[in-house]
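Below are the chains, spelled out letter by letter.
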Amino acid sequence: MERHEISRIAHRDHPVAAPLSDETVRGLLERLLRGREDGRLLDLGCGEAAWPVRALAAHPALRAVGVDTDPVALRRALETAQRLGVAGRIGLHHTDAREFTASEPFDAVLCVGSTHAFGGLGPTLAAIAPLLAPGGAVLLGESYWEREPTPLAREVFGDGLSDLAGTVAAAREAGWLPVAGHTSTRTELDAYEWAWTGSLTDWALDQPPGPDREQALRTAAEHREEWLTGYRDCFGFVTLLLRRSPES
Ligand SMILES: C[S@@+](CC[C@H](N)C(=O)[O-])C[C@H]1O[C@@H](n2cnc3c(N)ncnc32)[C@H](O)[C@@H]1O
């Protein structure tokens, strides 16, 4: 199985592909779209487009665009949008987010758990700037180190992460000001990891013996081990609501 397929199965029992509860997602979307309910929303690295589809269902005049490189996730996004009756207001693009351009700017841009597509927070914000309308806002979800990372945590996440202060400072240095933010709670972080490893294990146990089942069980076990022994005590996730600084 490809990594995309594993990830899809692992995320099937969680509201979004990031460590945020259902209630937090609702609250962040409300805050992002306050005063922008009849505007245009862009989601870069949208996956199955859980965020824009929810936003469209809540705001009948909103329009949205989702961009992702995973065609199966985009097909599922369309199916969900059709089921909820919002498919006429969403455009789904099978495109590398780094290459996405638009003729009209967006009032709100989401990039949650997908900054790796651009090579980190700074390049993500640089790519978003020309796509955002004046007065627009960005909801950006980024991993950070809550504590000094263990060697295993560094191995899993690489050297690109900062601590929370460094993450916010990087956004400010790139010309953005946080107007709201949410640091995922321990409960949200744990719920995400239990869902990821649990859904994959649950799926595998319903498969006939064979390479897919073995791969899914092995991946879930390795992931659970990395989480519990490597990064549970040092990993954090912050979702920042950002607007352009007047000096930028
Ligand atoms: C962790 S998921 C987050 C999905 C979604 N933002 C959410 O919160 O539910 C990361 C997504 O980024 C997508 N992705 C990775 N590299 C990409 C790229 N270069 N361009 C567009 N999407 C990309 C993956 O296919 C995946 O769907």
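Reference entry: report on the structure contained in this document.

So, how was this worked out
Residues numbered from 1 in each chain as written. Predicted model: local features only at pLDDT ≥ 70, side-chain atom pairs only at ≥ 80, totals over all residues. Heavy atoms only, no water. Phe/Tyr/Trp six-rings, centres within 6.5 Å; stacked < 30°, edge-to-face > 60°. Helix = DSSP H or I, 4+ residues; strand = E, 2+ residues; numbered from the N terminus. Contact = heavy atoms within 4.5 Å. Buried < 20%, exposed > 50% of the residue type's maximum accessible area, 1.4 Å probe, protein only. Near = heavy atom within 4 Å. Polar contact = N/O pair within 3.5 Å; in protein donor to acceptor, adjacent residues only side chain to side chain. Areas by Shrake-Rupley, 256 points an atom, 1.4 Å probe, with all protein chains shown as cover. Nonpolar A, V, L, I, M, F, W, Y, C, P; charged D, E, K, R; others polar. Pairing = 2+ DSSP bridges. Right-handed = clockwise from strand over helix to strand, strands pointing away. Axes fitted to C-alpha atoms, helices over the stretch in contact; angles between N-to-C directions. Core = buried A, V, L, I, M, F, W, Y, C linked by side-chain atoms within 4.5 Å.

1. A look at the packing of aromatic side chains
Each aromatic ring pair is summarised here by two numbers: the centre-to-centre distance and the angle between the ring planes. Going through the model one piece at a time under the given rule, you end up with six aromatic pairs. Between Trp145 and Phe157, the ring centres sit 5.8 Å apart and the planes meet at 85°, which makes this aromatic pair edge-to-face. A residue pair is termed long-range when its members are at least 10 positions apart, and Trp145 in strand β5 (residues 132–145) and Phe157 in helix α6 (residues 151–157) qualify at 12 residues. Ring centres 5.7 Å apart and planes at 65° place the aromatic pair Tyr231 and Phe235 in the edge-to-face group.

2. Regarding the environment of Val109
Mapping Val109 onto the fold places it in strand β4 (residues 106–112). Sequence separation between Val109 and Leu240 is 131 residues, and the spatial gap between their C-alpha atoms is 12 Å. Not counting residues up to four positions away in its chain, the partners in contact with Val109 are Leu42, Leu44, Ile128, Leu132, Ala137, Val138 and Leu139.

3. Some remarks on unusual backbone geometry
Unlike most non-glycine residues, Ala49 shows phi in positive territory, near 60°. Relative to the assigned elements, Ala49 resides in the loop between β1 (40–44) and α3 (50–58). On the basis of relative accessibility, which here comes to 0%, the residue Ala49 falls in the buried class.

4. Regarding the site of the ligand
Close to the ligand lie 18 residues, the nearest being Ala17, Gly45, Asp68, Ala97 and Val112. Asp68 places a side-chain nitrogen or oxygen 2.6 Å from an oxygen atom of the ligand. Take Val112: an N or O atom from its main chain is 2.9 Å from a nitrogen atom of the ligand. Protein chains shield 85% of the accessible area of the ligand, which is 600 Å² for the free molecule. Of the residues belonging to the shell around the ligand, the class tally is seven nonpolar, eight polar and three charged.

5. Quick word on the pairing of β4
Working note: regular strand, side chains alternate between the two faces of the sheet. Along β4, six of the seven residues are buried, which leaves the element largely enclosed by surrounding structure. With three bridges joining them, β1 and β4 adopt parallel strand pairing. Bridge pairing in β4 places Leu41 opposite Ala108. Judged from the six bridges that link them, β4 and β5 form a sheet pairing that is parallel. What sits directly across from Ala108, in β5, is Ala137. Each parallel crossover has a hand, and for β4 linked through helix α5 (residues 121–128) to β5 it is right-handed.

6. Details of the side chain of Asp190
If you trace the backbone, Asp190 turns up in helix α8 (residues 186–205). Classification of Asp190 by relative accessible area gives buried; the value is 13%. If we ignore the near neighbours within four places in the chain, the residues touching Asp190 are Trp227 and Arg232.

7. Digging into the sheet that holds strand β6 (residues 176–183)
The mixed open sheet is built from seven strands, whose spatial order is β3-β2-β1-β4-β5-β7-β6. Across the chains shown, the open sheet's two edge strands, defined by having one partner strand only, are β3 (90–94) and β6. Within this sheet the neighbouring strands show an average axis-to-axis angle of 20°, counted without direction. The pairing of strand β2 (residues 63–68) with β3 spans five bridges and is parallel. From the neighbouring strand, Val67 faces β3, where its bridge partner is His93.

8. Considerations on the nonpolar core
Among soluble globular proteins, nonpolar side chains are generally buried collectively. If you look at the biggest cluster of nonpolar residues, it comprises 37 residues, and the most contacted ones within it are Leu20, Leu32, Leu41 and Trp51. When contributions to this core are tallied by element, the ones reaching two or more residues are α2 (22–33), α3, α4 (71–83), β4, β5, α9 (211–231) and β7 (235–244). What Leu32 contacts, discounting residues up to four positions off in sequence, is Leu41, Ala108, Leu110, Ala137, Val138, Leu139 and Leu241. Counting residues in each nonpolar core, the second largest holds 23 residues, with Phe106, Val109, Leu240 and Leu242 among its members.

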